Amino acid sequence: MKRSISRRRFLSTIALGTGGAMLAPRAARAAAKPGGTLICGWEAEPGAFDNDIDRGAVTRTLLHNIYDRLVDRDMTVKANQPLVGNLATSWQVSPDARTYTFKLRQGVKFHDGTPFDAEAVKFNIDRDSDPSHKYYNQAGAGSLKLGYGDLDSVTVVDKYTIRIVHKEPFADFLPVLAFGTYSIASPAAIQKYGNDDYPNHPVGTGPFKYAGREKGVKVTFERNPDYWAGAPAIDGFIVHPLPEAVTRVTALQTGEVDWINAVNPDSMAAVKSNGNLVLELAQLPNTWGYIPNHKYPPTTSRQLRQAMSWAIDRDTLARDVMKGLASPARGTHAPGTPGYDPNITGYGYDPAKAKQLLAAAGFPNGLPLEVWIPAGGAGSPFGIQMNEFIQQNFKAVGINATFSQQEFQTFQNNMANGIQRNVNALQVGFSVDEFVNLQRMFRSDLQPPNGNTNPGWYSNASVDKQLKKALGTTNDAQRRRLYFQIEQTVVDDAAWVFVVNQKAARAWSKKVKGFVNPNSYMFTFRTVSLGG
Amino acid sequence: MLRFGIERLLATIPVLVGVSIVVFFTMKLIPGDAAQVLAGPQATREQVALIRQSLGLDRPLYVQYATWLGRAVRGNLGRSIQLEAPVTEMVVARLRNTLVLAIAASVLAVAIGVPAGILSATHKSSIIDRASMVVALFGNSMPTFWLGLVFILVFSLHFRLFPSNGMYSLRGPAGFPDLLWHLTLPALTLAGVPAAVLARLTRSNLLETLTDDYVRTARAKGLREPRVVARHALGNALLPVVTLIGIQVGYLLGGSILVETVFSWPGLGLQLYDAIGARDLPLVQGGVLLVATMFVLINLCVDIFYGVLDPRIRYSA
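For the structure given in this document, a descriptive report is provided here. (Residues numbered from 1 in each chain as written. Chains lettered and ligands numbered in written order. Predicted model: local features only at pLDDT ≥ 70, side-chain atom pairs only at ≥ 80, totals over all residues.)

On a plain count of helices and strands, chain B comes out with 14 helices and zero strands. Ordered by position from the N terminus, the helices and strands of chain B form the series α-α-α-α-α-α-α-α-α-α-α-α-α-α. Taken along the three principal axes of its C-alpha coordinates, chain B extends 85 × 55 × 35 Å. Within chain B, the proportion of its 317 residues that are buried is 41%. Expressed as a percentage of contacts within chain B between residues at least 6 apart in sequence, the contacts between residues at least 24 apart total 72%. (Helix = DSSP H or I, 4+ residues; strand = E, 2+ residues; numbered from the N terminus. Buried ≥ 20, exposed ≤ 12 C-beta atoms within 10 Å, placed from the backbone. Contact = placed C-beta atoms within 7 Å.)

Residues and elements named next belong to chain A. Within the fold, H166 resides in strand 7 (residues 161–166). The exposure class assigned to H166 is buried, which follows from the 22 C-beta atoms found within 10 Å. For the pair H166 and Y483, spaced 317 residues apart in sequence, the C-alpha separation works out to 21 Å. For H166, the contacting residues outside a window of four places in its chain are R98, D150, L151, D152 and F173.

Let us now look at the environment of E260 of chain B. Residues and elements named next belong to chain B. Inspection of the secondary structure assignment puts E260 in helix 11 (residues 239–262). In this structure the C-alpha to C-alpha distance between E260 and L289, which are 29 residues apart in sequence, comes to 18 Å. Those residues in contact with E260 that lie beyond four places of it in its chain are W265, G267, G269 and L270.

The next thing to look at is the pairing of strand 10 (residues 236–241) of chain A. Here is the key point about a regular strand: its side chains alternate between the two faces of the sheet. Residue and element names in this part refer to chain A. When you tally the buried positions in strand 10, you get five out of six residues, the bulk of the element. Relative to strand 10, strand 1 (residues 37–42) is paired through six bridges, and the arrangement is parallel. The partner of L38 across the bridge, within strand 10, is F237. (Pairing = 2+ DSSP bridges.)

Residue and element names in this part refer to chain A. Between its first and last C-alpha atoms helix 18 (residues 476–492) spans 24 Å; for 17 residues at 1.5 Å apiece the expected length is 24 Å, and the two agree. For helix 18, every residue scored as buried is listed here: L482, Y483, I486, E487 and V491. Along its buried surface, helix 18 packs onto helix 16 (436–442) and helix 17 (461–471). Backbone geometry just after helix 18 places A494 at a positive phi near 50°. (Expected span 1.5 Å × (residues − 1).)

Here the focus is unusual backbone geometry. Here the residue pair P297 of chain A and P298 of chain A is connected by a cis peptide bond, since its omega of 10° sits within 30 degrees of zero. Secondary-structure assignment places P298 of chain A in the loop between strand 13 (286–292) and helix 11 (302–311). Here the amide bond leading from P448 of chain A into P449 of chain A is cis, since omega sits at 5°, within 30 degrees of zero. In this structure, P449 of chain A sits in the loop between helix 16 and helix 17. Residues other than glycine seldom take positive phi values, yet S125 of chain B does so here, at roughly 65°. With respect to the secondary-structure elements, S125 of chain B resides in the loop between helix 5 (87–122) and helix 6 (127–141). Overall, the presence of 8 C-beta atoms within 10 Å leaves S125 of chain B in the exposed class.

Pasting the structure below:
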């Protein structure tokens, strides 16, 4: 390593000395030349690569590189990624939104050489939904309950056609199938290694093959030369865990790694000012805010929840406290992500109005609130500062909020059991990437104990009715309109106190060409090439 | 001597049982369990209950402890939830890397700390004494992770002398020189505190010994000062230092968690850090048990070694 750095420095010195003109054509040729291994600094050690278990974003994004799904959000597009066919080339949805018939891509092979076909898809779905299946995966079934929880039948129509029938209308099935954990794995590999050991030998059809792991050091991926959409230009990539943020940025600056995720806010200026590096923000489909307790007073008062919403200075919070790593949230979906509607009217910063609403709610002299926040700040590096800032905002209008930090699991238990009487709100950072999340967040029949995504006991009959209608609406444009109406209703209702949509800072060396930094937790290295 | 060794060995058994009880039940005190992590946020309560049953987590705690201990004694520490691999295999592989770092840091700590202490003692109140004691105070007081970050910023980023992370280069061949090169900064960082402690202890012990009667006699016989220090005083002065070195090696094993995280050194500490972040309880449990056991065993070795050095100890025991 020492030698390679000094060699590079030596060469760059020569380049300066002999004049750029002579070397320029050579550099251009080098940029176009395929091959090379991309080294990526990861913020944590990725978990095992089960195709069907969500081990968090640091692992899930790698599933998108190993595996394909029937349909996908196109991560080679920066914003508003369209839903595209992946292993399915076309599909038909029955008018009642229960039956999905997929035509599958032909001639695709898994990395182990076995063919991809309708039987393989059925094997994957049965494995995560049918307890009598030989390779039934209980944890997978739990993880994929949203998509496969109510299946009526899965039928192989012919070698390249599969029909999936739901018991209830499920018009949101396609975007759910695009989620990383709906990846299609090689049945032969699962049979060979068994459920327990398969995650250490993942085999998909994706652009990169898993080529081994040295725990704590690296996970290696090699290009799939037979990838149906065209083989990647690079020979492969290495994921190198670098949990300490300063070390991660330093490794990029010294050239030890080529690409990093989660640049820490304090290092952003140094990376930006470095002529050899690129720093780009990606809007994440993340909604950070508070879930009020809709079951026990005082947050059952809509006016109080609205007062809380008007009291927060989101612009200052996003710009100064979060150093630009967020957008002020107007509703459930972040700008630049597929579910965003620019016409949603949210809440601005208006302390006077907040005070007025507070008085109208019966609290002219203010009131105390107990808010629980998860230890570590719900996935934001600014979690504590954000809550402190908002505490001041609340105080300015008369809401004296006490923020109690709770150990992760205690907090999770409150999510699973619902917010109890002694707590007025939970602070959460939710991934809201598809409309189907509105179902999970606001349906009254998904209150605890039937789920943990509506812990605030939100219940609104008209929202329930509309959500149900959306699940039966197969026309995309109509369903989209319906969801926007629902979103506007829950925003007006202040069902949640929406605060910000977080962004991620990713950075890479200028020799990395063609990387698309999508507005998503997911990304692919399929389009990347390495230049001089 | 053999009897002393066997006695000490037998005495570690209740300590190890105590360690296993603390490790097991501390993990149980944390709310939530492996079943919840495995099942994911979408799972229903019934599904979590089924997984809990399949993992044996629904049985009484003492049964779980007995099962766990029985397996642990046979070398089976369970299975990592996040990495789907046997914990024993994982922690043993990573322990090797931690030992490389801990031994390098121990060697550095002794190589820096002991000579600095001797120099200070033999040049009491001189500029050398004052300077080395100020450095020792600094080394003792600086948080390890801060020192590591400063080293990275200065020696990796600014001077580009050493790599900022890892155990070997990801580009190009990895050999012994490459390992040494990667080892330098983390080992120096980790050696900071023990070197400082050793320097101070060596200094105070040697100063005390140098005022002993037999040393005065040696001087009176006309021996030159370096010989007095090296041949007569040092042996006795270093006896407590040996104990301290042993304790410091134990500290280095446990204390490397921060250094390993800062430098992404693929040892047990980094693994524990990752496992805690991923709520991989079997892995945390296995890692902590291994570190604690190592600590007990190192102390056992120190005890026995001490007995070898000083016969009075094995007789009084």
